[in-house]
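Residue strings, one per chain:
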Protein chains: 2
Amino acid sequence: MKILVDAFGGDNSPKEIIAGSISALEENKEFELVLVGKKEIIEEELKGYSFDSERVSILNAEEVITCEEEPTVAIRRKPNSSISVAFKELKENSEAGAFVSAGSTGAVLVGATLKLGRIKGVNRPALCPLLPTIVDGKQVLLLDSGANADCKPINMVQFALMGSAYAESLGVKNPKIALLSNGTEDEKGNALNHEVFPVLKSLKSINFVGNCEARDILSGEYDVIVADGFSGNVALKSMEGAIGVVLKSIKQGVYGSIKGKIGGLFLKKTFSSLKDKLDYNNKGGALFLGVNKPVIKAHGSSKRLAIKNTVLQAVEYAKFNISEKITEKLNQEEIKIGE
Amino acid sequence: MKILVDAFGGDNSPKEIIAGSISALEENKEFELVLVGKKEIIEEELKGYSFDSERVSILNAEEVITCEEEPTVAIRRKPNSSISVAFKELKENSEAGAFVSAGSTGAVLVGATLKLGRIKGVNRPALCPLLPTIVDGKQVLLLDSGANADCKPINMVQFALMGSAYAESLGVKNPKIALLSNGTEDEKGNALNHEVFPVLKSLKSINFVGNCEARDILSGEYDVIVADGFSGNVALKSMEGAIGVVLKSIKQGVYGSIKGKIGGLFLKKTFSSLKDKLDYNNKGGALFLGVNKPVIKAHGSSKRLAIKNTVLQAVEYAKFNISEKITEKLNQEEIKIGE
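Quantities reported herein were computed from a predicted structural model and do not represent experimental measurements.

*Asks:* Can you help me understand the overall build of chain A in this one?
*Replies:* Across its full length, chain A carries 12 helices and 12 strands. In terms of overall size, chain A behaves like a compact globule, its C-alpha atoms giving a radius of gyration of 21 Å where 339 residues would be expected to give roughly 20 Å. Along the first, second and third principal axes, the C-alpha atoms of chain A reach 60 × 60 × 35 Å. Evaluated residue by residue, chain A yields a buried proportion of 58% over its 339 residues. At a minimum sequence separation of 6, the contacts of chain A that also span at least 24 residues come to 73%. If you sum the accessible surface of chain A, you get close to 14200 Å²; carbon and sulfur atoms cover 48% of it. In chain A, the 43 positive side-chain charges and the 43 negative ones have mean positions that sit 3 Å from each other.

Now the structure itself:
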């Protein structure tokens, strides 16, 4: 099985992308690595590493899509970009199991939809990160976290079905699905939620547990949180921002005085395990759920550790056969709701 | 000037509400306190305190609206509830300067709109908390944070104008107004944002600085963040939840071992100043912006300190004459947008 990696996506490409990908090779022997991007530069960079050359190949792509470019225009105008070339390969080569990119989120999403294609029956794919919760070892999926700024009711219902399939693939039994709302009571929500809620409640193939307030996203109470892509994005980034403010304030306290530094030494383990727990971007990427093969978006600022973990995640996801599970879920239900 | 306080609103009413209100009396001599609620119980409770009896009166209200009741129904069916009685008094008595309640948010908002009335020209009032930022001493206003789950473009534009008037009242010169979005670039946003953005940009009486990502709400970069009530609520509660997770994890680390406890002692000052900074609910309440007089919603879990600070805040706000400033802002601009 081949895992395709966008060597020219992200703030630290190609150096950190290649370093991370190579170290993933060492940890898991089940896959072959295909680095996508400018061949000469990749070859030059690879000289610094020793690896099993039979497990590494390069797929040449002379163009690069930047985060400043309008995604749809960029995907159309740059057929030789690393993203476009990778999706073509992912679609056409049955051995290609998954694609990892830390590049432009918009271009990855548009490319996946246009070049790789949606799973039959899925109207809009969704971006789905795995977040840590306060309960040790328990994670929560939040979708859509930003692929679709405007959602129709049918999209939200499909997010719930896809999220449930994803959680089940990760080994969660009978995952608890909640709808992000402005309160926990059934009647809370905006007009969109009011259309979606009764339909989610009527579905037989998922375990819908009702509305979830944003303050409980990380409570460990839920396995999947369903949101439109705008509020999902707001939730995700609000949490990131707030966590950043707390950690920065503590850092200032620790480094601001001798007393602080001593306290910091005693609490070193607490702080580092906290940082490790919260730093979900280092543990892997967000799955773009609803396209024909696993596409995983790593954070733009990813360094080698994040890339290594995302590649290892891609190997697992390529084995899940999540597309089939989604198709199964979609076919189990007859959904009557506004499209 | 009289400040009306809902003695029967909130998880800790009437005990903590009365305690907090009385201690506000001691700190600020400029106002008279009117406690609204069941007279006999308030009188009994007041026996435990010494205060200038000329500055304290009771407005009897035999009914109580609970958080479980549907707000519109409750306001209509309970004309003798503390909330209904308070709004009647606030409307009819020119000496009544502001109202503070820790009771049902929905009932306070509905009551304010129906009984007290909106400022002429304001289509939908908005709930507007004052949040701390990473920059010491700098706060940010977030509106609407939950009064209107569904907003029209005109509502959002009015939120920007009202938020600017509020920030100016607090002494912020030329406040920076941003629109909450899923990215900072001008073209980001959902369909609602796309309608609102160009209008905000065209306004002459506010300093609109563009889109703000949710991760930057607490950055100190902005003075006012404009959002529809659903995403504003999601942002606010996501931040609350994430901060709670971090603080809880640290607490577990500190109390979990001897080493942790020692570290905690050395960092006591850091932790307590951090907790103080983040605990905005203790500093005052959220202003319900756009109704004829200041209505301030304290957190439902408020204890005496939070109530004291909210009453002191109410005294200041009663002096602002914010309604006139809002009317002025609304009249300065001719707004062409979907209602």
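*Asks:* What am I meant to see in the packing of aromatic side chains here?
*Replies:* Describing an aromatic ring pair means giving the distance of the ring centres and the angle of the ring planes. With the rule as written, the count across this model stands at nine aromatic pairs over all chains. Each ring, one from Tyr317 of chain A and one from Phe320 of chain A, has its centre 5.0 Å from the other, and the planes form 25°; the classification is stacked. Of this pair, Tyr317 of chain A and Phe320 of chain A both sit in helix H11 (residues 304–320), three residues apart, roughly one helical turn. For the pair Phe197 of chain B and Phe208 of chain B, a centre-to-centre distance of 5.2 Å together with 75° between the ring planes defines the contact as edge-to-face. Placement of the pair is Phe197 of chain B in helix H7 (residues 191–202) and Phe208 of chain B in strand E9 (residues 207–213), with a sequence separation of 11 residues.

*Asks:* What's the story with the sheet that holds strand E1 (residues 2–6) of chain B in this structure? I'm lost.
*Replies:* The strands making up a sheet associate through hydrogen bonds between their backbones, and the pairing can be parallel or antiparallel. All names here are of chain B. In spatial order, the strands read E3-E2-E1-E4-E12-E11-E5; together these seven strands make up an open sheet with mixed pairing. At either margin of the open sheet sits one strand with a lone partner, and together these are strand E3 (56–60) and strand E5 (126–128). Ignoring strand direction, the axes of neighbouring strands in this sheet form an average angle of 25°. Note that E1 and strand E2 (residues 32–37) share five bridges and pair parallel. Note on E2: the bridge partner recorded for Leu4 is Val34. This element, helix H6 (residues 153–169), spans E5 and strand E11 (286–289) of the sheet and lies at about 130° to E11.

*Asks:* What is the right way to look at the packing of H6 of chain B against helix H12 (residues 322–332) of chain B in this model?
*Replies:* Working note: a packed helix pair is described by the angle between its axes plus the distance between those axes. Residue and element names in this part refer to chain B. Close contact between H6 and H12 brings their axes to 9 Å; oriented N to C, the two are set at 135°. In terms of orientation, H6 lies oblique with respect to H12. Read as a crossing pair, H6 and H12 show a hand that is right-handed. Contacts between H6 and H12 involve Gln158, Leu161, Met162, Ser164, Ala165, Tyr166, Glu168 and Ser169 from the first element and Ile322, Lys325, Ile326, Lys329 and Leu330 from the second.

*Asks:* I keep staring at the environment of Val224 of chain A and nothing clicks. Help me out?
*Replies:* Residues and elements named next belong to chain A. Mapped onto the elements of the fold, Val224 is located in strand E10 (residues 224–226). Each C-alpha atom of the pair Val224 and Val140 lies 5.6 Å from the other, and the pair is 84 residues apart in sequence. Sequence-distant contacts of Val224, defined by excluding residues within four places in its chain, comprise Val140, Leu141, Leu143, Gly163, Ser164, Ala167, Lys176, Ile177 and Ala178.

*Asks:* How should I be thinking about helix H1 (residues 15–27) of chain B in this particular structure?
*Replies:* Within an α-helix, residues lying three or four positions from one another point in the same direction, as the helix has 3.6 residues per turn. Residues and elements named next belong to chain B. Its 13 residues give H1 an end-to-end C-alpha distance of 19 Å, which sits within 8% of 18 Å, the value for a rise of 1.5 Å per residue. Along H1, the positions that sit buried rather than exposed are Glu16, Ile17, Ile18, Ala19, Gly20, Ser21, Ile22, Ala24 and Leu25. The inward-facing, buried residues of H1 abut E1, E2, helix H2 (39–46), E3 and helix H11 (304–320).

*Asks:* How do you make sense of the relation of the copies chain A and chain B when you look at a structure like this?
*Replies:* Both copies of the chain are related through a single rotation about an axis accompanied by a shift along the same axis. For these two chains of identical sequence, chain A goes onto chain B by a turn of 180° and a shift of 0.0 Å along the axis, with RMSD 0.0 Å. What we have between these two chains is a two-fold relation. Distance from the rotation axis, computed per C-alpha, reaches its smallest value in chain A at Gly263 of chain A: 2.0 Å. When the interface residues of chain A are mapped onto chain B, 100% of them again lie at the interface, so the same face is used by both copies.

*Asks:* What is the right way to look at the interface of chain A and chain B in this model?
*Replies:* One frequently used descriptor of interface size is the decrease in accessible area upon assembly of the parts. Each partner contributes to the interface: chain A provides 50 residues, whereas chain B provides 50 residues. Interface area, chain A with chain B, both sides summed: about 4200 Å², of which 72% is carbon and sulfur. Ranking the residues of chain A by area buried against chain B places Arg215, Phe230 and Phe266 of chain A at the top, with a combined share of 16%. Taking the shortest distance from any N to any O, the salt bridge between Lys237 of chain B and Glu213 of chain A comes out at 2.3 Å. Between the two partners, chain A and chain B, sit 10 residue pairs in polar contact (both at pLDDT 80 or more). Only strand E8 (176–181), helix H7 (191–202), helix H8 (229–255), helix H9 (258–266) and helix H10 (268–278) of chain A provide two or more residues apiece to the side of chain A that touches chain B. With 20 residues, H8 of chain A is the single largest residue contributor to the side of chain A that touches chain B. Residues belonging to the side of chain A that touches chain B are distributed by class as follows: 24 nonpolar, 17 polar and nine charged.

*Asks:* Looking at this model, I keep getting lost on the pattern of salt bridges. Mind explaining?
*Replies:* If charged atoms from side chains of opposite charge come close, those side chains can pair. Residues and elements named next belong to chain A. Tallied over the full model, the rule gives 32 salt bridges over all chains. Salt-bridge contacts for Glu27 lead to Lys308; the nearest nitrogen and oxygen are separated by 2.7 Å. On the criterion of sequence distance, the pair formed by Glu27 in helix H1 (residues 15–27) and Lys308 in helix H11 is long-range, its members being 281 residues apart. Note on Lys308: relative accessible area 14%, which makes it buried.

*Asks:* Could you clarify how one ought to interpret unusual backbone geometry in this entry?
*Replies:* One can expect most non-glycine residues to show negative phi and most peptide bonds to be in trans. Residue Leu143 of chain A is joined to Asp144 of chain A through a cis peptide bond whose omega torsion reads 0°. Look at the link from Ser13 of chain B to Pro14 of chain B: it is a cis peptide, with omega at 0°. Positionally, Pro14 of chain B belongs in the loop between E1 and H1. Notably, Asn174 of chain A is not glycine yet its phi reads approximately 50°, a positive angle. Along the polypeptide, Asn174 of chain A turns up in the loop between helix H6 (153–169) and E8.

*Asks:* How should the state of the cysteines be read in this particular structure?
*Replies:* Working definition of a disulfide: a covalent bond connecting the sulfur atoms of two cysteines. Under the defined criterion, the tally for this structure stands at zero disulfides over all chains. Distance from the sulfur of Cys67 of chain A, which forms no disulfide, to the nearest cysteine sulfur (Cys212 of chain B) is 19 Å. Here Cys151 of chain A is not cross-linked by a disulfide; its sulfur's nearest cysteine counterpart is in Cys128 of chain A, at 13 Å. Cys151 of chain A sits in the buried class, given a relative accessible area of 14%.

Procedures and definitions
Residues numbered from 1 in each chain as written. Chains lettered and ligands numbered in written order. Predicted model: local features only at pLDDT ≥ 70, side-chain atom pairs only at ≥ 80, totals over all residues. Heavy atoms only, no water. Helix = DSSP H or I, 4+ residues; strand = E, 2+ residues; numbered from the N terminus. Rg over C-alpha atoms; globule rule 2.2 N^0.38 Å. Buried < 20%, exposed > 50% of the residue type's maximum accessible area, 1.4 Å probe, protein only. Contact = heavy atoms within 4.5 Å. Areas by Shrake-Rupley, 256 points an atom, 1.4 Å probe, with all protein chains shown as cover. Lys, Arg positive; Asp, Glu negative; His and termini not counted. Charge placed at Lys NZ, Arg CZ, Asp CG, Glu CD. Phe/Tyr/Trp six-rings, centres within 6.5 Å; stacked < 30°, edge-to-face > 60°. Pairing = 2+ DSSP bridges. Axes fitted to C-alpha atoms, helices over the stretch in contact; angles between N-to-C directions. Parallel < 35°, antiparallel > 145°, perpendicular 65-115°, else oblique. Left-handed = near helix turned anticlockwise from the far one by under 90°. Expected span 1.5 Å × (residues − 1). Least-squares fit on C-alpha atoms with pLDDT ≥ 70 in both. Buried area = accessible area lost by both parts, 1.4 Å probe. Salt bridge = Lys/Arg side-chain N within 4 Å of Asp/Glu carboxyl O. Polar contact = N/O pair within 3.5 Å; in protein donor to acceptor, adjacent residues only side chain to side chain. Nonpolar A, V, L, I, M, F, W, Y, C, P; charged D, E, K, R; others polar. Disulfide = S-S within 2.5 Å.

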